[in-house]
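Read off the chains here:
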Amino acid sequence: MLKLKQVRKVDNIFTIKNISIYLLAINLLTFLIMYMDKRKAKKIIGE
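In this text, all values refer to a predicted model and were calculated from it rather than measured experimentally. (Residues numbered from 1 in each chain as written. Predicted model: local features only at pLDDT ≥ 70, side-chain atom pairs only at ≥ 80, totals over all residues. Heavy atoms only, no water.)

Draft legend 1. The arrangement of the overall build of the protein in detail. The number of helices and strands found in the protein is two helices and zero strands. For the protein, with 47 residues in total, the buried portion stands at 0%. Accessible area for the protein stands at about 5,000 Å²; split by element, carbon and sulfur atoms hold 69% of it. (Helix = DSSP H or I, 4+ residues; strand = E, 2+ residues; numbered from the N terminus. Buried < 20%, exposed > 50% of the residue type's maximum accessible area, 1.4 Å probe, protein only. Areas by Shrake-Rupley, 256 points an atom, 1.4 Å probe, with all protein chains shown as cover.)

Shown next, in the form of structure tokens:
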């Protein structure tokens, strides 16, 4: 009985909506990091 409740909780976490929000957040974070790295590289090359 306890395992069934735990499985239901996990099923509530892994919905299509939550997975898509997670992937979107990871992509935005990655693009932000790449943008910051590119700016840093341009700054070093420009010197």
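Draft legend 2. The arrangement of a nonpolar patch on the surface in detail. A surface patch of nonpolar side chains, amounting to about 690 Å² of accessible area, comprises Val 10, Ile 13, Phe 14, Ile 19, Tyr 22, Leu 23 and Ile 26. A per-element tally of the nonpolar patch places helix 2 (residues 16–46) first, with four residues. Looking at the secondary structure, you find Tyr 22 in helix 2. (Patch = residues over 30% accessible without salt bridge, like charges linked within 9 Å, V, L, I, M, F, W, Y side chains within 5 Å. Salt bridge = Lys/Arg side-chain N within 4 Å of Asp/Glu carboxyl O.)

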